[in-house]
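As a plain string of letters, each chain reads:
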Amino acid sequence: MLVSEILAIKGKVLFTIAPNKSVAEAVEIMDEQDVGSLVVFSRGQMVGMLTFREVLQGVRRGASDWQSLAIEDVMIANPLTASPNMEMDELRRLMVEHHQRYLPVMDGQTLLGVVSFHDVAKAVLEEQSFENRMLKNYIRNWPSQEEEG
């Protein structure tokens, strides 16, 4: 399975934020939209990624003033990315090796979406379920020994 197929299953809804916005604004968007990441855009270009991990690190660093921290001060600048033609196994390996739960999917300079570890797990389950149904169907339609003779 390719990353582009995972995006097709997931859908391509994106949530973004500007680097000069506050962490409080990001938390509000993430909570309202029930997402764990936001893509940080400036002048039409992806400049970073904000996940709940960076938000928590910002809260710890900013102490009582965490809400006013700017996104650009806590985001992952120039995050790792996946390509749409990347195999799912390569994507999983990349996510695990770099401890990234969310990866933007880029086609050149164009952001196609974001895949999460949850999206990958869901795609694996759907692929296994499909293969399981195909195998059961194959076994059910197995020729009997009488027909073979």
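Reading the values: the criteria
- Numbering of residues starts from 1 in each chain and follows the order in which that chain's sequence is written.
- In keeping with the model being predicted, local features are shown solely for residues with a pLDDT of at least 70 and side-chain atom pairs are shown and tallied solely at 80 or more, while totals for entire chains, interfaces and linings include all residues.
- The side-chain quantities take in all heavy atoms of the structure and omit both hydrogens and water.
- Exposed residues in this analysis have more than 50% of their type's maximum accessible area, buried residues have under 20%, and partly exposed residues fall in between, with area computed by a 1.4 Å probe over protein chains only.
- Under the DSSP-based scheme used, a helix requires at least four consecutive residues in state H or I and a strand at least two consecutive residues in state E, with every element numbered from the N terminus.
- By arc we mean the arc of the directions from the helix axis to the C-beta atoms, nothing more.
- The rule for pairing is simple: two strands pair if DSSP sees at least two bridges between them.
- Should any heavy atoms of two residues lie within 4.5 Å, those residues are counted as being in contact.
- Lines fitted to C-alpha atoms define the axes, with helix axes restricted to the stretch in contact, and inter-axis angles between N-to-C directions lie between 0 and 180 degrees.

Participant: How would you sum up helix H3 (residues 52–62)? Please name residues and give values.
Facilitator: When H3 is considered as a whole, its buried residues turn out to be Glu54, Val55, Gly58 and Gly62. Looking down the long axis of H3, one finds its buried residues gathered within 105° of arc, a one-sided arrangement. Exposed positions of H3 whose direction lies more than 90 degrees from the buried face are Leu56 and Arg60. Just downstream of H3 lies Ala63, where phi reads positive at about 50°.

Participant: Could you give an account of the sheet that holds strand S1 (residues 16–17), naming the residues involved and the relevant values?
Facilitator: Sheet architecture is open: four strands sit in the order S1-S2-S3-S4, paired in mixed fashion. Strand pairing shows two members of the sheet lacking a second neighbour, S1 and strand S4 (76–77), which therefore form its edges. Bridging between strand S2 (residues 37–42) and strand S3 (residues 45–51) involves six bridges; their strand directions are antiparallel. Paired with Val39 across the strands is Met49, a residue of S3. Its contacts with the sheet put H3 on S3 and S4, and the angle it makes with S3 is roughly 70°.

Participant: Can you break down the pairing of strand S6 (residues 110–116) residue by residue, with the values?
Facilitator: For a regular strand, side-chain orientation follows a simple rule: the groups alternate between the two sheet faces. Across the seven residues of S6, five count as buried, placing the element largely inside the fold. Inspection of the sheet shows strand S5 (residues 102–107) paired to S6 by six bridges, in the antiparallel sense. Of the residues in S6, the one forming a bridge with Met106 is Leu111. Hairpin connection, S5 to S6: the antiparallel pair is bridged by two residues, and Gly108 has positive phi, about 70°.

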